[in-house]
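Notes for the structure review
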Amino acid sequence: MKKIFSFWNYLYINDSIDIKYIVSKWKECGTNVAMSFAYNPNKCKKERIIELLDECDKNDIKVIINDDRTSYLRLDEISREQFEIEVRQAYLDFGSHKATFGFYIGDEPNFEHIDNFIYTANLVQNIMPNLLPWGNLLPYWNDKEESEKYGLTEDFFFELVSKILKETNIKLIGFDHYTQCFDSYLDSKKGIEYFLYDIRNYRKVCNKFNIPFVVSLLSIGHWKYREPNCNDFRWQISTSLAHGADGIMWFYFHQNSLDTGYGNAPFIGENLIETPTYQYLKVEQRRVIENYFPLFDNLKFVSVKYLDENNGFDYEDDGISSFKMEREFLTFMSHFIDKTNNDRYLMITNGNQKLGNHFEFEINNKKEDFWLLPGEFKLIKLAKLNLEGGNI
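Residues numbered from 1 in each chain as written. Predicted model: local features only at pLDDT ≥ 70, side-chain atom pairs only at ≥ 80, totals over all residues. Heavy atoms only, no water.

**Focus on the overall build of the protein chain**
So the rule is basically this: We count a stretch as a helix when DSSP gives it H or I for four or more residues in a row; a strand needs E for two or more, and each element gets its number in order from the N terminus. The rule is simple: take the accessible area with a 1.4 Å probe, protein chains only, and divide by the maximum for that residue type; under 20% is buried, over 50% is exposed, in between is partly exposed. Any two residues having at least one pair of non-hydrogen atoms within 4.5 Å are treated as being in contact. Methods summary: accessible areas were calculated by the Shrake-Rupley approach with a probe of 1.4 Å, and residue burial reflects only the protein chains presented. For this count, His and the chain ends are skipped, Lys and Arg are scored as positive, and Asp and Glu as negative. By convention, the point assigned to a charge is CZ for Arg, NZ for Lys, CD for Glu and CG for Asp.
On a plain count of helices and strands, the protein chain comes out with 9 helices and 18 strands. With the C-alpha coordinates aligned to their principal axes, the bounding extent of the protein chain is approximately 65 × 50 × 45 Å. In the protein chain, buried positions account for 57% of the 392 residues. A separation of at least 24 residues holds for 74% of the contacts in the protein chain among residues at least 6 apart in sequence. By element, 47% of the accessible surface of the protein chain is carried by carbon and sulfur atoms, the whole surface being about 17200 Å². Charged side chains of the protein chain number 45 positive and 59 negative; the gap between the two group centres comes to 4 Å.

**Structural notes on the sheet that holds strand E16 (residues 357-363)**
Applied cut-off: Should DSSP find at least two bridges between two strands, the strands are taken to pair. Here an axis means a line fitted to C-alpha atoms, over the contact stretch when the element is a helix, while the angle between two N-to-C directions is reported on a 0 to 180 degree scale.
Taken in spatial order, the 3 strands of this open sheet run E13-E16-E17, and their pairing is antiparallel. Two strands lie at the open edges of the sheet, namely strand E13 (321-325) and strand E17 (366-372), each paired on one side alone. In this sheet, adjacent strand axes meet at a mean angle of 10° when their direction is disregarded.

**Comments concerning the environment of Phe-213**
Of note, Phe-213 is situated in strand E7 (residues 213-218). As for Phe-213 and Pro-374, which are separated by 161 residues in sequence, their C-alpha atoms are 24 Å apart.

**A few points about helix H7 (residues 188-209)**
Operational definition: By this rule the span expected of a helix is its residue count minus one, scaled by 1.5 Å. Pairs of N or O atoms within 3.5 Å make up the polar contacts considered here, provided that, within protein, one atom can donate a hydrogen while the other can accept it, and that residues adjacent in sequence are counted only when both atoms are side-chain atoms.
The end-to-end C-alpha distance of H7 is 32 Å, a good match for the 32 Å that 22 residues give at a rise of 1.5 Å each. N-cap assignment for H7: the residue whose side-chain oxygen lies 3.1 Å from the backbone N of Lys-189 is Asp-187. Looking one or two residues past H7, Asn-210 carries a phi angle of roughly 55°, positive in sign.

**Some details on helix H6 (residues 154-168)**
With 15 residues, H6 extends 22 Å from end C-alpha to end C-alpha; this agrees with the ideal 21 Å at 1.5 Å per step. Inspection of H6 places Phe-157, Phe-158, Leu-160, Val-161, Ser-162, Ile-164, Leu-165 and Thr-168 among the buried residues, and these make up the whole buried set. Residue Asn-169 follows H6 closely and has a positive phi angle near 55°.

**Considerations on the side chain of Lys-3**
The cut-off we apply is this: When a carboxyl oxygen of Asp or Glu is within 4 Å of a side-chain nitrogen of Lys or Arg, the pair counts as a salt bridge.
In this fold, Lys-3 is placed in the segment before strand E1 (4-7). It is Asp-246 that comes nearest to the buried, bridge-free Lys-3 among opposite-charge side chains, at 4.0 Å. Setting aside residues no more than four positions away along its own chain, Lys-3 makes contact with Asn-32, Leu-241, Ala-245, Asp-246, Gly-247, Phe-293, Phe-296, Asp-297 and Leu-299.

**What about unusual backbone geometry?**
The omega torsion of the bond from Phe-251 to Tyr-252 falls at -25°, within 30 degrees of zero and hence cis. Look at the link from Phe-293 to Pro-294: it is a cis peptide, with omega at 15°. Among the structural elements, Pro-294 can be located in the loop between helix H9 (276-292) and strand E12 (299-307). Its identity as a non-glycine residue notwithstanding, Asn-169 has a phi of 55°, on the positive side. As for its placement among the helices and strands, Asn-169 is situated in the loop between H6 and strand E6 (173-176). You will see that Leu-272, though not glycine, has its phi angle at about 50°, which is positive. Position of Leu-272 among the secondary structure elements: in the loop between strand E10 (267-268) and strand E11 (273-274).

**Digging into the packing of aromatic side chains**
Each aromatic ring pair is described using two quantities: the centre-to-centre distance and the angle formed by the ring planes. Note the following rule: Centres within 6.5 Å are what make two rings of Phe, Tyr or Trp a pair, Trp counting through its six-membered ring; a difference in plane orientation under 30 degrees is then read as stacked, over 60 as edge-to-face, and the rest as tilted.
Applying the stated criterion to the full structure yields 37 aromatic pairs. When the centroid spacing of 6.1 Å and the interplanar angle of 70° are considered together, the rings of Trp-223 and Tyr-262 count as edge-to-face. With Trp-223 in the loop between E7 and helix H8 (230-242) and Tyr-262 in the loop between strand E9 (254-255) and E10, this residue pair connects regions lying 39 residues apart in the sequence. Note on Trp-223: relative accessible area 63%, which makes it exposed. You can call Tyr-262 partly exposed: its relative accessible area is 22%. For the pair Phe-296 and Phe-377, a centre-to-centre distance of 6.0 Å together with 85° between the ring planes defines the contact as edge-to-face. Linking Phe-296 in the loop between H9 and E12 with Phe-377 in strand E18 (residues 377-382), this pair joins segments that are 81 residues apart in sequence. Given the relative accessible area of 1%, Phe-296 is considered buried. An aromatic cluster is present here, built from Trp-8, Tyr-10, Tyr-104, Trp-134, Tyr-178, Phe-182, Trp-223, Tyr-225, Phe-251, Tyr-252 and Tyr-262 joined pairwise through their rings.

**Regarding the nonpolar core**
Soluble globular proteins tend to pack their nonpolar side chains together in the buried interior. Applicable threshold: What we call a nonpolar core is a set of buried Ala, Val, Leu, Ile, Met, Phe, Trp, Tyr and Cys residues that are connected through their side-chain atoms within 4.5 Å.
Trp-26, Phe-37, Trp-250 and Phe-296 are the most contacted members of the largest nonpolar core, which has 88 residues in total. Those residues in contact with Phe-296 that lie beyond four places of it in its chain are Lys-3, Leu-241, Phe-336, Met-347, Phe-377 and Leu-379. Ile-220, Tyr-225, Tyr-252 and Ala-265 belong to the second largest nonpolar core, which has 22 residues in total.

**Thoughts on the environment of Glu-376**
Examined against the element boundaries, Glu-376 turns out to sit in the loop between E17 and E18. Residue Glu-376 is classed as buried on the basis of its relative accessible area, which comes to 19%. The spacing of Glu-376 and Phe-195 is 181 residues in sequence and 18 Å in space, taken between C-alpha atoms. Within the structure, Glu-376 has its side chain in polar contact with the backbone nitrogen of Leu-373 (distance 2.7 Å).

**Re the pattern of salt bridges**
Tallying each qualifying case throughout the model produces 23 salt bridges. Across the pair Asp-93 and Arg-69 runs a salt bridge whose closest N-O atoms are separated by 2.9 Å. With a gap of 24 residues between them, Asp-93 in helix H3 (residues 80-95) and Arg-69 in the loop between strand E3 (62-65) and H3 connect regions that are remote in the sequence. For the pair Asp-93 and Arg-69, one class covers both residues: buried. Notably, a salt bridge pairs Lys-381 with Asp-343, separated by 3.2 Å at the nearest N-O pair. In this pair, Lys-381 is assigned in strand E18 and Asp-343 in the loop between strand E14 (331-338) and strand E15 (344-350), connecting sequence segments 38 residues apart. The exposure class assigned to Lys-381 is partly exposed, which follows from its relative accessible area of 45%. Beyond isolated ion pairs, a larger network of salt bridges with shared partners links Lys-25, Glu-28, Glu-274 and Lys-282.

Shown next as structure tokens:
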């Protein structure tokens, strides 16, 4: 499947939203799978969602329908029998549209809601087997030391996520994590470690069940997380791809009111005014799409190795010699194989969020000499690929 570029959307559909305009903006920044505006049949017009689906179809954008009737949280309010009726009606209303990708089933079920989440995923798949249920899990692997104080080990979380995937046979799942954008009061290095720990573990469980690995990343400053700039967007995209991400969802795109504790989403207010955040996101997402796609859609992730204080900053694999980096910054060395022709690639990513780095080395009888911006990467075709080792 193609890489997913998507976003979260919690704003309810209303008459003031200019659908043609906002879909054009989704398209402009590289979105290929959108989450619809939220829909509740008691307060929203069905025709507006259909209008949205029609416009997305014109722009080759698939849509995850955010319909209150398919959320596992409805089971806190109504019986399973009534819930099934509502899910079937949601499918009748929107499921047959060409643009429909799937239905949103809910966000971050806690331990008490796991069974309802599993039930909802199975019900949605039974009623609409041609579509995908989309659900998002907690960043279970967050602070290892803090979790283990409560007996919540790495293996515990692995078994919990495995239980969800095994009992639902769900084909697509996500998780969100934002400590990579801690504000300056907190330890940014520790925040990055939490993020990397989480994505490594989710990558492993997705590998086990052979499902796409989709990461939710930060696009709005809130609480203890800073407002992301160009460097932050670039770093998040590149680091996710360097760890084999099959998709990216931005949290989130549309902020209806300037609630306390939330900054500038890409679009804010009832009229969805474009903010500088949108420009930052668009520039960095399009930079990657225009330079490396559709090639990246054909690349199969193999492994990633960290060059850092623990592993050292030398690299002599893959036919590379005389490797030097000017600044000893965290660097990701990722391996990929092209599924169409078995060509091999090395992705070198500058893991520093604020500063550029300069690299020099020899490979394929050629000298490479280049700078990488904070979070920027370079993809190099290899004659030889070392498949051993790596952090994943």
